[in-house]
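Listed below, chain by chain, are the residues.
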Amino acid sequence: GELPLTQPLLRTELDSLRKHSRVLQPVLERHTREGDESPTAVVRKPSSMSNIASPLDLIRSWGSSKESLVSVALFLVCLALDRIHPHTKPQLNSYSYFTLFVTLESLWLLLMQCQADVVLISATLVLRLAGALDNDRDAWGGFSNSVVLSVAVLGIVSAGVHHTGVIDFIFMRVLGHPKTYFAAILRLSLPAMPLAASISNTCVMGVMIPVIEKWCKEINMPPRLFLMPMSYIMLVIGAFAIFSTSSNLVAQSLLMERGLEPFGNFEISPLAITCGMATVLYLAIAVPTLLYIEASETPTPTLSPKGSRPLVSSGTKLFLANIQISGSLLSGKSLGESGLLTVLGKVASIVRVERMGEEVAIAGDFNERFELEQYDVLYIWTTTDAILELISFSWVSLIALDGGFEHQHRDDGREVVEVVLDGLCPLVKEQLTSTTMLDGAYGANCLAIRPCSMQHFQKPEAQASEVRTFVGLLRDQKKAYQFHIGDNLILDVPRNFAADYQNTTHFTLVRRLSQDEEESGKGDVGEAQYRDMMVSGALLVMLIILVASNTMPLLEAALLSSFLMVLLGCLPQKKAFSAINLRIVLTIVGAFGIAKAVNKTNLAAVMAHMTCELLAPFGSRGIYAGIFIATVGLGVVFHCTAVVSLLFPIVVAISESDNLPVPLHEAMAVLMMGATCQVLSPVSYQTNIMVFSSGCYTFADFPRVGFGIVIIVGIISVGFVDQLIVS
């Protein structure tokens with residue numbers, strides 16, 4: 001029933017309990033305020049057992065969802081084709097149309113941001129059980145593929161190089177202080193391109209973001225002029241060698257699975273280098289125009305005549321946070337007298353003020369003379385620096401947006417980090433207002449959020465409107481906000497969280513925000529760390545030489561380098577095992593199974609025949625252009641490994657077609673270069689997500705800059721592939 005407690009008393013008691021023990025969380029979570037009818041209405045939640053939905057409820061919920069309607073529609077279309085086309089397409093049978101349905105359904109689920117490994121492995125399992133894949137080797141042969149295993153092992157090498165700090169060391173020695181943007185982007189590309197061609201570009205970008213932000217302050221240029229361009233440069237140059245990127249490794253593995261001639265380790269290098277150099281030149285010339293912003297300092301805080309909010313510069317990254325006036329010292333003081341504007345007024349907006357559970361003011365209704373009272377709750381749109389400063393103030397409390405504890409971020413055993421959610425993060429599609437997933441998976445609380453949909457602001461007016469709308473979602477229990485890929489969060493987490501999750505698929509970016517972070521990084525490199533950097537760098541060079549000279553196969557060379565990384569102390573054994581990304585392996589194996597079914601059921605042959613008939617008037621260049629356009633189009637939504645796996649059987653069938661055969665390696669090279677052009681969307685690749693949340697870009701900035709890269713890479717790949725690829 002209802003407890004006749006006032007809000008201040010309730011908060012005082014709960015704060016005391018929360019501050020001293022996490023063991024009491026299950027008890028505290030059963031008591032929560034529901035609705036806005038009364039600020040003191042506290043009701044008991046039902047026990048967790050009563051919240052478990054019955055199978056009938058789950059089926060009914062799925063049946064009324066958008067996903068189920070699309071699934072039924074796809075199934076009916078494929079069933080109709082099976083009944084209508086037995087004579088027009090005699091080489092297709094029921095298995096062919098069932099495979100078409102499973103493939104389209106998988107693409108739809110991926111489009112809805114379902115986890116790729118679960119979707120693709122499940123699709124392969126369904127095809128195997130249905131008989132479209134009639135033996136285990138066709139379905140699960142990827143698990144025994146040496147190239148697929150190399151993808152997992154190379155993660156250890158990347159983790160070792162990242163752990164020792166050799167990448168950071170190289171960048172800081174090369175960048176210098178260029179005077180022009182053209183010289184700056186060339187300086188930045190000089191170390192980035194060989195590193196991206198050798199190890200994971202996600203790993204390189206994770207190191208580059210803080211380096212670029214610090215460097216940009218020194219050379220007085222905005223980081224947005226460098227972050228997105230470097231993501232694009234590393235994507236294109238990543239095709240340099242077969243072992244440089246996962247899409248190349250997948251293509252090589254599929255060739256070997258079919259018994260076809262594999263690529264040489266550097267066979268595609270001339271094409272990739274040509275495209276990479278052209279990309280750098282294009283970005284150096286076009287970016288200052290396409291991404292131009294005025295280089296001005298953050299304006300001095302001033303309130304409008306209505307006192308709505310201070311102006312916000314377009315280059316500032318802001319988060320939504322929730323603070324409470326917890327000290328009696330500020331009770332009765334005005335907003336101007338409180339000192340809050342000293343911290344927040346630089347770049348922030350106070351979006352909403354609540355008192356005893358009731359809204360008393362929103363942006364535009366108050367000014368610096370607004371009088372505060374103890375326990376007032378303020379929703380603020382502010383910077384990471386302001387949030388860190390607020391943590392140290394004793395007269396305000398930072399309230400976790402997920403309903404978690406309010407004071408734990410001040411404990412010595414915890415730290416504050418900034419993260420960007422990746423596709424395999426268990427938080428995706430979970431509600432922000434629930435602490436279950438955040439606390440259960442990470443022991444974390446969400447202190448602030450910058451939703452992916454709100455990364456694009458350029459004007460304060462746009463911010464004010466959408467931030468107020470978002471705050472309304474936080475208050476609405478029925479329409480609570482769900483996490484999305486690319487959401488930027490500030491979390492209160494256990495100590496060492498940043499180190500544990502630095503190279504996982506849960507987050508594209510993990511960065512510690514402790515105030516001593518910058519000071520700790522200013523010291524000279526110690527002797528032991530310098531030795532580890534040199535050893536890890538030497539092992540990386542050894543790996544490249546062994547593979548390039550064909551002295552050792554890729555898997556054996558990667559295993560040897562990984563073993564030596566651990567043996568010589570460059571990487572702790574625990575971190576080495578955690579760097580093995582099983583979920584990427586599952587994603588690739590699942591994609592292999594679908595590709596095998598598409599080939600075995602003759603879907604690939606029919607699609608190849610239709611493609612050749614359509615593009616035959618344009619000759620081989622038309623075929624290459626069709627492959628490139630299809631790859632880039634699918635890459636806007638789907639990961640490059642899935643795109644390569646799905647299009648591979650069609651490309652092979654085209655190369656074996658009697659109508660207009662083309663050399664297989666040339667067609668595959670166009671496919672592989674098209675897979676690198678995931679430059680038209682901020683969510684199409686991990687490094688794009690990382691810079692989207694770090695560079696204050698609009699969604700439109702990505703296709704605005706990326707379209708030129710697609711044109712350049714397409715012209716070079718389609719027009720000169722026969723001259724640059726020599727088997």
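Analysis parameters
Residues numbered from 1 in each chain as written. Predicted model: local features only at pLDDT ≥ 70, side-chain atom pairs only at ≥ 80, totals over all residues. Heavy atoms only, no water. Helix = DSSP H or I, 4+ residues; strand = E, 2+ residues; numbered from the N terminus. Buried < 20%, exposed > 50% of the residue type's maximum accessible area, 1.4 Å probe, protein only. Contact = heavy atoms within 4.5 Å. Areas by Shrake-Rupley, 256 points an atom, 1.4 Å probe, with all protein chains shown as cover. Expected span 1.5 Å × (residues − 1). Polar contact = N/O pair within 3.5 Å; in protein donor to acceptor, adjacent residues only side chain to side chain. pLDDT = per-residue confidence, 0-100. Salt bridge = Lys/Arg side-chain N within 4 Å of Asp/Glu carboxyl O. Pairing = 2+ DSSP bridges. Bend = angle between axes of the 7 residues up to and from the residue. Phe/Tyr/Trp six-rings, centres within 6.5 Å; stacked < 30°, edge-to-face > 60°.

**A word on the overall build of the protein chain**
Within the protein chain one finds 31 helices and 11 strands. Residues counted as buried form 54% of the 727 residues belonging to the protein chain. Counting only contacts in the protein chain whose residues sit at least 6 apart along the sequence, the fraction spanning at least 24 positions is 78%. Carbon and sulfur atoms provide 60% of the accessible area of the protein chain, an area that totals close to 31000 Å².

**Observations concerning helix α5 (residues 94-111)**
Three or four residues apart is the spacing at which side chains of an α-helix point the same way, because the helix has 3.6 residues per turn. Helix length check: α5 (18 residues) gives 26 Å between terminal C-alpha atoms against 26 Å at 1.5 Å per residue, within 8%. Two to three positions downstream of the cap, the backbone nitrogen of Y95 sits 3.0 Å from a side-chain oxygen, assigning the N-cap of α5 to N93.

**Here we look at the confidence of the model for the protein chain**
Averaged over every residue, the pLDDT of the protein chain is 76; the share at 70 or more is 78%. When the criterion is pLDDT under 50, residues 294-315 qualifies, and its contacts beyond four places in sequence or with other chains add up to 45 contacts.

**A word on the pattern of salt bridges**
Applying the stated criterion across every chain, the model contains 14 salt bridges. Put simply, R224 and D701 hold a salt bridge, and the shortest N to O gap is 3.5 Å. With R224 in the loop between α11 (201-219) and α12 (227-237) and D701 in helix α31 (residues 701-724), this residue pair connects regions lying 477 residues apart in the sequence. The class for R224 is buried, based on a relative accessible area of 6%. Note that D492 and R414 form a salt bridge whose closest N and O atoms lie 2.8 Å from each other.

**Here we look at the pairing of strand β11 (residues 507-512)**
The element β11 is largely enclosed, with a buried count of 5 among its 6 residues. Sheet topology places strand β8 (residues 414-421) next to β11; 5 bridges connect them, and they run antiparallel. Bridge assignment links V419 to a residue of β11, and that residue is V510.

**Things to note about α11**
At M208, α11 shows its strongest bend, of approximately 30°, with the proline P210 following within four residues. Of all 19 residues in α11, 14 are buried; the element is thus mostly enclosed. Backbone geometry just downstream of α11 places N220 in the positive-phi region, at approximately 60°.

**A word on the pairing of strand β10 (residues 488-494)**
The side chains of a regular strand alternate between the sheet's two faces. The element β10 is largely enclosed, with a buried count of 6 among its 7 residues. Here 7 bridges tie β8 to β10, and the two strands are oriented antiparallel to one another. The residue of β10 that forms the bridge with E418 is I490. Here 5 bridges tie strand β9 (residues 445-450) to β10, and the two strands are oriented antiparallel to one another. Bridge assignment links A448 to a residue of β10, and that residue is I490.

**Regarding the packing of aromatic side chains**
Using the criterion set out here, one finds 13 aromatic pairs in the structure. On the basis of an interplanar angle of 90° and a centroid distance of 5.9 Å, the ring pair of F243 and F266 is categorised as edge-to-face. In this pair, F243 is assigned in the loop between α12 and α13 (246-257) and F266 in the loop between α13 and α14 (269-290), connecting sequence segments 23 residues apart. Taking relative accessible area as the criterion, F243 reaches 7% and is therefore assigned buried. When the ring of Y442 is compared with that of Y501, the centres are 5.2 Å apart and the planes differ by 80°; the resulting orientation is edge-to-face. One end of the pair, Y442, is in helix α18 (residues 436-442); the other, Y501, is in the loop between α20 (497-500) and β11, with 59 residues separating them in the sequence. Look at Y442 and you get buried, because its relative accessible area is 6%. Among the aromatic side chains, those forming a connected cluster through ring pairs are Y442, F497, Y501 and F507.

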